[in-house]
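Spelled out, the chains give:
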Amino acid sequence: MAPSKNTAREVREAKERLRRYNARQSVHAHQIKRRRRDNIIAVIGVVVVVTLATLTQIFFFTAGPGKPDPVPVPSTSATPTPTVTPTGTATDAPTTTPTPTPSTTP
């Protein structure tokens, strides 16, 4: 006896459902692998960016233009250091610069 048309159709539909199910399973597995790979790449990218930013800041503030100017340390010696005036003579006492007075002439 030959199989009925309904049985053949059910077998065909079951094969089609199984094929679609396997296709969805493989797509889902591929998406999981891709997401994991993308997450790893993103983490590596963030680490690289943070490392570069940190190294740039360290370089800027230790050797670059952001380096603080050295502050002279006041000496504790008892002898005053001679200062040179604008005229080229050396003096031991600090000099005072006269303040200009406003002129009253129109």
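Sequence order as written defines residue numbering, which begins from 1 separately in each chain. Only residues with pLDDT of 70 or above have their local features reported here, since the model is predicted, and side-chain atom pairs are shown and tallied only from 80 upward, although totals for entire chains, interfaces and linings are computed over all residues. Side-chain metrics rest on all non-hydrogen atoms present in the structure, leaving aside hydrogens and water.

Digging into the confidence of the model for the chain
Alright, step 1. How sure the predictor is of each residue is captured by pLDDT, a score from 0 to 100. Predicted confidence across the chain gives a mean pLDDT of 83, with 74% of residues reaching 70 or more.
Alright, step 2. Segments assigned H or I by DSSP are reported as helices when at least four residues long, segments assigned E as strands when at least two residues long, and all are numbered from the N terminus. Confidence, read as mean pLDDT per element, is least for strand β2 (residues 90–91) in the chain (59) and greatest for helix α1 (residues 5–62) (96).

A short note on the packing of aromatic side chains
Alright, step 1. Aromatic pairing here means that ring centres of Phe, Tyr or Trp (its six-membered ring) are within 6.5 Å. Orientation follows from the plane angle: under 30 degrees is stacked, over 60 is edge-to-face, and everything else is tilted. For the structure on display, the rule yields 1 aromatic pair.
Alright, step 2. For the ring pair Phe60 and Phe61, a centre distance of 4.9 Å and an interplane angle of 90 degrees mean the geometry is edge-to-face.
Alright, step 3. According to the relative accessible area criterion, Phe61 is partly exposed, its value standing at 46%. Classification of residues uses two cut-offs on accessible area relative to the type maximum, computed with a 1.4 Å probe and protein chains only: under 20% is buried, over 50% is exposed, and between them is partly exposed.

Quick notes on the pattern of salt bridges
Two side chains bearing opposite charge may form a pair once their charged atoms approach each other closely.
Alright, step 1. Salt bridge, as used here, is a side-chain nitrogen of Lys or Arg placed within 4 Å of a carboxyl oxygen of Asp or Glu. This model, assessed by the stated rule, comprises 3 salt bridges.
Alright, step 2. The salt bridge involving Glu16 is made with Arg20; its shortest N-O contact spans 3.9 Å. Of this pair, Glu16 and Arg20 both sit in helix α1, 4 residues apart, which is roughly one turn of that helix.
Alright, step 3. Under the relative-accessibility criterion, Glu16 is labelled partly exposed at 33%.
Alright, step 4. Among the ionic pairs, Arg37 bridges to Asp38, the shortest N-O distance being 3.5 Å.
Alright, step 5. Relative accessible area serves as the criterion here: at 36%, Asp38 is assigned to the partly exposed category.
Alright, step 6. One continuous salt-bridge network, built from bridges that share partners, spans Glu16, Arg19 and Arg20.

A short note on a nonpolar patch on the surface
Alright, step 1. Taken together, the side chains of Ile40, Ile44, Val48 and Leu52 define a hydrophobic patch exposed on the protein surface, amounting to about 370 Å² of accessible area.
Alright, step 2. By secondary structure assignment, the location of Ile40 is in helix α1.
Alright, step 3. The class of Ile40 is partly exposed, set by a relative accessible area of 48%. Patch membership requires more than 30% relative accessible area and the absence of a salt bridge. Residues of like charge join within 9 Å; the nonpolar side chains Val, Leu, Ile, Met, Phe, Trp and Tyr join within 5 Å. Each accessible area is a Shrake-Rupley result for a 1.4 Å probe, and residues are judged covered by the shown protein chains and nothing else.

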